[in-house]
Amino acid sequence: MPVIHRAIPALRRLRLSNTAFQQQSRLQPRPAQVLRPASQIVQLRHQHNNTEKAEASTSAGGADHSPQEQPDRPQSKIKYTSESYPNLKRDSRFKEVTADDVKFFRGLLGEGSAVLDGVTQKTGEEDFEAYNADWMRKYRGQCRLVLKPETTEHVSKILKYCNDNLLAVTPQGGNTGLVGGSVPVFDEIVLSLSKLNTVRSFDDVSGVLVADAGVILQQADDYVAQHNHIFPLDLGAKGTCQIGANVATNAGGLRLLRYGSMHGNILGLEVVLPDGTVMDDLGTLRKNNTGYDLKQLFIGAEGTIGVITAISILCPQRSPAVNVAYFGLESYEKVQEAFKEAKKQLSEILSAFELMDHQSQDLYRQASGAKLPLENDYPFYCLIETSGSNTDHDSEKLNNFLEHVMGEEIVQDGVVAQDETQLQSLWACREGISEAGQHFGGVYKYDLSIPLGQLYDLVIETRERFQKNGLMGDSDDFPVKEVIGYGHMGDSNLHLNVATRRYDKEVEKAIEPWVYEWVSKRNGSISAEHGLGLAKKEFIGYSRSETMIALMKGVKGLYDPNGIMNPYKYI
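Structure report, in brief. (Residues numbered from 1 in each chain as written. Predicted model: local features only at pLDDT ≥ 70, side-chain atom pairs only at ≥ 80, totals over all residues. Heavy atoms only, no water.)

## A few points about the overall build of the protein chain
Counting its secondary structure elements, the protein chain contains 20 helices and 16 strands. Looking at the protein chain residue by residue over its 571 residues, the buried ones come to 58%. Once local pairs closer than 6 in sequence are excluded, the contacts in the protein chain between residues at least 24 apart make up 76%. Surface exposure of the protein chain reaches about 23,400 Å², of which carbon and sulfur atoms provide 48%. (Helix = DSSP H or I, 4+ residues; strand = E, 2+ residues; numbered from the N terminus. Buried < 20%, exposed > 50% of the residue type's maximum accessible area, 1.4 Å probe, protein only. Contact = heavy atoms within 4.5 Å. Areas by Shrake-Rupley, 256 points an atom, 1.4 Å probe, with all protein chains shown as cover.)

Structure follows, in structure tokens:
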């Protein structure tokens, strides 16, 4: 049968939106439109008109849940990190915070909210919860002093004092990290960047944004959107995370396929070193080949060699035409075929290609109560986004792609967002997974880079491992509820989540270091975008050689000889 005729029955299933999807999006039902091949295919695009000016957003605004706002267990039920890791001992070099120290910091920052003092004042544990406990409710420090500087000069004086007096410091942004890197382990002082939140400048010709480190990611994106530009990073936690911490962790996110990593987009940094020295490298030039590119050392260093106080970043032009489609597929092999075809046929307008397995979507449905876009269940789902400047050009490309993958039965069924509300609903199915994973008690998260051909094998083997060892089941007697896999096909990044009813050391022992050994044997990376923090510090050898680790320790020793910056983590 010719391809053109095989395509027709499949394309009839792909509508602008099915009835269930319309109801979920709270839209009035519209008559289903039959999709026809080639030039007769009706418009399959999300188009922003003048009355609803859109932002080419690779995210679901409705899925932006602040980590501090989501339901969680009371802090009193979270073990101290020092109890969970009894082999981890407080460094005896570090001094405990005294009343004299607090007096100095109050003299510098004032008597207001810039100093949260549990050393000289009576405060409850709950006052420090947002700073001591991480988002996953897995790590809990014992900080009794939080400092909130408003200027780079403040940060400089704080770090100089701490370095001179051997006071350990944990820099903290929005505290949305997933590896325990943003919270103290013992009684380190938390240095919150939340008050450094000013946009310093934006050049709408070059697209260069200069802003303080404490600016919220969503606010940065909204700001450049007013000038028809887009921030090159997007995360599910964008309503809470801060851009300085995004750089410090080398966050990847949903836009990496299109716009690349932080290492390519950051043009300059302002960094305060542990001794208080300010490294002013806040350049705005795309070309500056004069000596070592030292800013690269701080991208992904997780606050271990200095505190980023401002960034200069290149923001691309915002695309006026955005399309989002959500597909069901029968196998991981079909997912790979769809990805190959998307790269070939959509090429320059492809901005995201996200993978989700059935278990991840089912867990999201259970946790959120949302109705999934497709009426039938499939083993795998993909979400793709295109963004470009020419609506007719993009629409033709998308139509050709859809005709091919449906006609060749690579894709079984799908929906395409017709307006902003549906676009947000489709993205929520992807972005809501992370929060859904810990909805039922806890979650062990593994952020891994694996060659695409073997990427989903790890999920299958992990699931089988827990089924065989008796830790996974349907009742509350079993700690493991489900094993799910999702992530970014465009950069071979798998998010392996073990959703649990409670944190259990037996679960951790069953998967670590086995999961890292599995990845290492396939020449993958144990940390694709979440960083090392405390969770992966002892496993870095699975991805880095002894020579590389020694060089990293040399850098740490050079910049932070007293070891006060974010201790007990990274290397």
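## A short note on unusual backbone geometry
A cis amide bond links Glu512 with the next residue in sequence, Pro513, at an omega value of 5°. Mapped onto the secondary structure, Pro513 falls in the loop between α18 (505–511) and α19 (514–521). At Asn228, a position not held by glycine, the phi torsion is positive, near 60°. For Asn228, the position within the fold is in the loop between α7 (217–225) and α8 (243–248). A positive phi angle, close to 55°, is found at Glu302, a residue other than glycine. Secondary-structure assignment places Glu302 in the loop between α11 (295–298) and β9 (307–314). You can call Glu302 buried: its relative accessible area is 10%.

## Re the pairing of strand β7 (residues 266–272)
With seven of its seven residues buried, β7 lies for the most part within the structure. Relative to β9, β7 runs antiparallel, the two being bridged by six bridges. Residue pairing across strands places Gly268 opposite Ser312, the latter belonging to β9. Looking at chain direction, β7 and strand β8 (residues 278–281) are connected through four bridges and run antiparallel. When the bridges of β8 are listed, Glu270 appears paired with Asp280. The turn joining β7 and β8, which pair antiparallel and follow one another in sequence, is formed by five residues; a positive phi near 95° is taken by Gly276. (Pairing = 2+ DSSP bridges.)

## What about the packing of helix α12 (residues 332–346) against helix α14 (residues 391–407)?
Relative orientation of the contacting elements α12 and α14 amounts to 150°, with a least axis distance of 10 Å. Classified by the angle between their axes, α12 and α14 sit roughly antiparallel to one another. As for how α12 packs across α14, the hand of that crossing is right-handed. Taken together, the residues of α14 that come into contact with α12 (itself represented by Ala338, Glu341, Ala342, Gln345 and Leu346) are Lys397, Leu398, Asn400, Phe401, His404 and Val405. Its residues assigned to classes, the contact of α12 with α14 shows six nonpolar, three polar and two charged. (Axes fitted to C-alpha atoms, helices over the stretch in contact; angles between N-to-C directions. Parallel < 35°, antiparallel > 145°, perpendicular 65-115°, else oblique. Left-handed = near helix turned anticlockwise from the far one by under 90°. Nonpolar A, V, L, I, M, F, W, Y, C, P; charged D, E, K, R; others polar.)

## Structural notes on the sheet that holds strand β6 (residues 208–212)
The antiparallel open sheet is built from five strands, whose spatial order is β5-β6-β9-β7-β8. Two strands close off the open sheet at either side, each with one partner strand: β5 (199–203) and β8. Taking the axes of each pair of neighbouring strands and ignoring which way they run, one obtains an average angle of 10° across the sheet. Along the sheet, helix α6 (residues 152–164) contacts β5, β7, β8 and β9; its crossing angle with β7, the most-contacted strand, is approximately 50°.

## Some details on the environment of Leu398
For Leu398, the position within the fold is in helix α14. Note: C-alpha distance between Leu398 and Gln345 (53 residues apart in sequence) is 8.0 Å.

## Here's the deal with helix α17 (residues 457–468)
Taking 1.5 Å of rise per residue, 12 residues should cover 16 Å, and α17 covers 17 Å from first to last C-alpha, within 8% of that figure. For α17, the complete set of buried residues consists of Leu458, Val459, Thr462, Arg463 and Phe466. Seen end-on, α17 carries its buried residues on one side only, within an arc spanning 130°. Once α17 ends, the next one or two residues include Gly470, with phi positive near 80°. (Expected span 1.5 Å × (residues − 1). Arc of directions from axis to C-beta.)

## Let's talk about helix α13 (residues 358–368)
Those residues of α13 not exposed but buried are Gln359, Ser360, Gln361, Leu363 and Tyr364. Residue Gly369 follows α13 closely and has a positive phi angle near 80°.

## What to know about the nonpolar core
By size, the foremost hydrophobic cluster in this structure holds 55 residues, and its most contacted members are Leu458, Phe466 and Leu496. The element best represented in this core is α12, accounting for six residues. What Leu458 contacts, discounting residues up to four positions off in sequence, is Leu448, Ile450, Leu494, Leu496, Trp514, Val515, Trp518 and Val519. (Core = buried A, V, L, I, M, F, W, Y, C linked by side-chain atoms within 4.5 Å.)

## Some points on the pairing of strand β12 (residues 380–388)
Where burial is concerned, most of β12 is hidden: nine out of the nine residues are buried. Of the two faces of β12, the one holding Phe380, Cys382, Ile384, Thr386 and Gly388 and the one holding Tyr381, Leu383, Glu385 and Ser387 are both buried throughout. Here nine bridges tie strand β10 (residues 321–329) to β12, and the two strands are oriented antiparallel to one another. Bridge pairing links Val322 to Ser387 in β12.

## Brief notes about the pattern of salt bridges
Tallied over the full model, the rule gives 25 salt bridges. Its salt-bridge partner being Glu129, residue Arg137 comes within 2.5 Å of it at the nearest N-O pair. The class of Arg137 is buried, set by a relative accessible area of 3%. Across the pair Lys344 and Glu341 runs a salt bridge whose closest N-O atoms are separated by 3.4 Å. (Salt bridge = Lys/Arg side-chain N within 4 Å of Asp/Glu carboxyl O.)

## Here's the deal with the packing of helix α4 (residues 99–109) against α6
Between α4 and α6, the least distance of the axes is 11 Å, while the angle of their chain directions is 165°. Between α4 and α6, the interaxial angle falls into the category roughly antiparallel. The handedness of the crossing between α4 and α6 comes out as right-handed. Only His154, Lys157, Ile158, Tyr161 and Cys162 of α6 make contact with α4, whose side of the interface consists of Asp100, Asp101, Phe104, Phe105, Leu108 and Leu109. Residue classes in the contact of α4 with α6 are distributed as seven nonpolar, one polar and three charged.

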